[in-house]
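# Analysis of the macromolecular model
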Amino acid sequence: MPVLIRSTHSKSLPLLRLRRAAEILLRSIGRPDAELSILLVDDAEMTRLNKLWLKRPYPTNVISFGQQGDDFPQPENNLLGDVVISIDTARCESANAGMNLEQRLEALLVHGVVHLLGEDHELGPVEAERMTRKEQALLDALYKEKTMADLCINVDHVATVRQARGATEPDPVTAAGIVEIAGADGIVVHLREDRRHIQDRDVKLLRQTIKTRLTLEMAATDEMIGIASDIKPDIVTLVPEGREELTTEGGLDVVNLEKHLDKAVTRLHDAGIPVSLFVDPEQNQIEAAKQTGADCIEIHTGLYADAPSSNIEDKEFEQVVTMARAAMALGLRVHAGHGLNYRNTARLAAVSEIQEFSIGHAIVARAVFVGMERAVREMLSLVQKGYLE
Ligand code: PXP
């Protein structure tokens, strides 16, 4: 793992968010595999480190210990160095500047990393100006990529309950409104060929009413491409569809269906709709997805989510991470979904290449007991707040 984060501070801290920020920074400086250690301490420990290494008997906000240069020969050494941040000082500074702690920590991390790259504002005004410019460029890169992933919520199973009675309630359109009020970034629906849950009317009304983003999951058929071209969702995710399946059982076989999918992607692009392909975490499928001209892939996380043991879960997790990196390196945006729940999502939320999660069943299931708004907020705090004890 290139980014190692340790904390000797007693409070719960946004470690997940900091990890994602650090990985984005390493990519931005062209060193995605460099090793960076981040240590979060209190003011007492920062004072001790300052006295020991820098002869300063007081705490500061950040200190960097570089591992570059002649004493640390390259290329065997891929260590960038250590950044130590005082949480107490960062908290005071964030309060004084009217920003939240997460933003202040990210700014201090950037400052520390730029020091590790050899810049030093204390050498003089020219150096200070150059360092500020580099920091600003990295902060811009960080906020352009958006540190935390988006959470889009699939409301199909609200419609499943409605269809069980052939009634009008519960209405997935109402559910989508509550999901948005709770803070989700988007709504996902799967219009299946057999219309077992979501109906055409739902998709039309969602398009008119939701304020975030609408993702339409669908098979790459003429009928569905026609509907999408009329309704114009913000993005289409193409999925395989089997009549007998309970839910989407696997990713698209893009390798064998490349020509067919290529045409579907082109038709959707002609209608002005970006396209994502739902694929298993396999290199050849991802490369084929790129060939179709798709903008994005959604990695099928079912094997990770349903792993029967922690060993297999670890292996499947690594596979998802490796394939997310491979897809991003090909210039594809990376989404992930299927089978994610309140236990297994936080680990994936730390993977900075994954820019969006699509989660449905676990949230609708929890909403039955705690209400939709609370179920969404609880998942949002796992995916986006990134606070770990
Ligand atoms: N992504 C895709 C492409 C899907 O087909 C589904 C299931 O509809 C999901 C995500 C959400 O999966 P789950 O309901 O297991 O969270």
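None of these values were measured; they are calculated from a predicted model.

A few words on the overall build of the protein chain. Scanning the protein chain from terminus to terminus reveals 16 helices and 12 strands. Its C-alpha atoms give the protein chain a radius of gyration of 23 Å, within 12% of the compact-globule value 21 Å for 389 residues. Along the three orthogonal principal directions, the C-alpha set of the protein chain runs to about 75 × 45 × 45 Å. Residues classed as buried in the protein chain amount to 51% of the 389 residues present. Taking as baseline every contact in the protein chain between residues at least 6 positions apart, the subset at least 24 positions apart corresponds to 68%.

What follows concerns the environment of I359. With respect to the helices, strands and loops of the structure, I359 is situated in strand β12 (residues 356-359). Judged by its relative accessible area of 1%, I359 is buried. It is 49 Å that separates the C-alpha atoms of I359 and L52, two residues lying 307 residues apart in sequence. Filtering out sequence-adjacent residues up to four positions away, I359 remains in contact with L151, C152, I153, N154, L340, T345 and M379.

Moving on, we come to the domain arrangement of the protein chain. As assigned here, the protein chain comprises domain 1 (3-145) and domain 2 (150-385). The centre of domain 1, based on its C-alpha atoms, is set 36 Å off from the matching centre of domain 2. Across the interface of domain 1 and domain 2, roughly 860 Å² is buried in total on both sides, 44% from carbon and sulfur atoms. A per-residue breakdown of the area domain 1 buries against domain 2 is headed by L16, R20 and R27, which together make up 60% of the total.

Here we take up the pattern of salt bridges. The full count for this structure, using the stated rule, is 28 salt bridges. The partner of R104 in a salt bridge is E93, with the nearest N and O atoms 2.9 Å apart. Here R104, found in helix α4 (residues 101-116), pairs with E93, found in helix α3 (residues 87-97); they are 11 residues apart in sequence, far enough to count as distant. On the basis of relative accessibility, which here comes to 18%, the residue R104 falls in the buried class. Among the residues examined, E93 registers a relative accessible area of 22% and is labelled partly exposed. A salt bridge links R325 to E353, with the nearest nitrogen and oxygen atoms 3.0 Å apart. Placement of R325 in helix α13 (residues 310-329) and of E353 in the loop between α14 (345-349) and β12 is noted, with a sequence separation of 28 residues between them. Residue E353 is classed as buried on the basis of its relative accessible area, which comes to 4%. If you follow the salt bridges from partner to partner, you end up with K146, D150, R213, R333 and E356 in one network.

The subject of this paragraph is the layout of surface pockets. In this structure, the second largest pocket encloses a volume near 400 Å³. In this structure, the second largest pocket is lined by 18 residues; those nearest its centre are L54, V62, I63, S64 and H115. Of all the secondary-structure elements, those providing two or more residues to the lining of the second largest pocket are β3 (62-66) and α4. The element that contributes the greatest number of residues to the lining of the second largest pocket is β3, accounting for five residues.

A word on a nonpolar patch on the surface. Together, L52, W53 and L54 make up an exposed nonpolar region whose accessible area comes to about 330 Å². Position of L54 relative to the elements: it lies in helix α2 (residues 43-54). What makes L54 partly exposed here is its relative accessible area of 38%.

Under the counting rule described, the total for this entry stands at one cavity of 30 Å³ or more. Approximately 40 Å³ is the volume found for the largest cavity. In terms of lining residues, the largest cavity is bounded by C152, V188, T215, T237, E298, H335, E356, F357 and S358. At three residues, β12 tops the list of elements feeding residues into the lining of the largest cavity.

This brings us to the sheet that holds strand β8 (residues 235-238). A barrel is described by the order of its strands in space; here eight strands give the closed sequence β5-β6-β7-β8-β9-β10-β11-β12, paired in parallel fashion. When strand polarity is set aside, the average angle formed by the axes of neighbouring strands in this sheet is 25 degrees. One ladder, built from three bridges, connects strand β11 (residues 333-337) with β12; its direction is parallel. Note on β12: the bridge partner recorded for A336 is F357. Along the sheet, helix α10 (residues 254-270) contacts β7 (214-218), β8 and β9 (275-279); its crossing angle with β9, the most-contacted strand, is approximately 160 degrees.

Taken as a whole and assessed by the stated rule, the structure comprises two aromatic pairs. Between W53 and F65, the aromatic rings sit 6.0 Å apart at their centres with planes inclined by 65 degrees, giving edge-to-face as the arrangement. Within this pair, whereas W53 is found in helix α2, its partner F65 is found in strand β3, the two being separated by 12 residues in sequence. The exposure class of W53 is exposed, given its relative accessible area of 55%. Since its relative accessible area comes to 24%, F65 is described here as partly exposed. With a centroid separation of 6.0 Å and 50 degrees between ring planes, the pair formed by Y304 and F317 is classed as tilted. Of this pair, Y304 sits in helix α12 (residues 302-305) while F317 sits in helix α13, placing them 13 residues apart in sequence. Overall, the relative accessible area of 7% leaves F317 in the buried class. In this structure, R366 packs its charged tip against the face of Y342, placed 4.0 Å from the ring centre.

Thresholds applied
Residues numbered from 1 in each chain as written. Predicted model: local features only at pLDDT ≥ 70, side-chain atom pairs only at ≥ 80, totals over all residues. Heavy atoms only, no water. Helix = DSSP H or I, 4+ residues; strand = E, 2+ residues; numbered from the N terminus. Rg over C-alpha atoms; globule rule 2.2 N^0.38 Å. Buried < 20%, exposed > 50% of the residue type's maximum accessible area, 1.4 Å probe, protein only. Contact = heavy atoms within 4.5 Å. Domains from an automatic or database assignment. Buried area = accessible area lost by both parts, 1.4 Å probe. Salt bridge = Lys/Arg side-chain N within 4 Å of Asp/Glu carboxyl O. 1 Å grid on protein atoms, 1.4 Å probe; cavity = no way out; pocket = protein on both sides within 12 Å on 5 of 7 lines; lining within 4 Å. Points joined across faces, edges and corners; volume = space filled by probe spheres on them. Patch = residues over 30% accessible without salt bridge, like charges linked within 9 Å, V, L, I, M, F, W, Y side chains within 5 Å. Areas by Shrake-Rupley, 256 points an atom, 1.4 Å probe, with all protein chains shown as cover. Pairing = 2+ DSSP bridges. Axes fitted to C-alpha atoms, helices over the stretch in contact; angles between N-to-C directions. Phe/Tyr/Trp six-rings, centres within 6.5 Å; stacked < 30°, edge-to-face > 60°. Lys NZ or Arg CZ within 6 Å of the ring centre and 35° of its normal.

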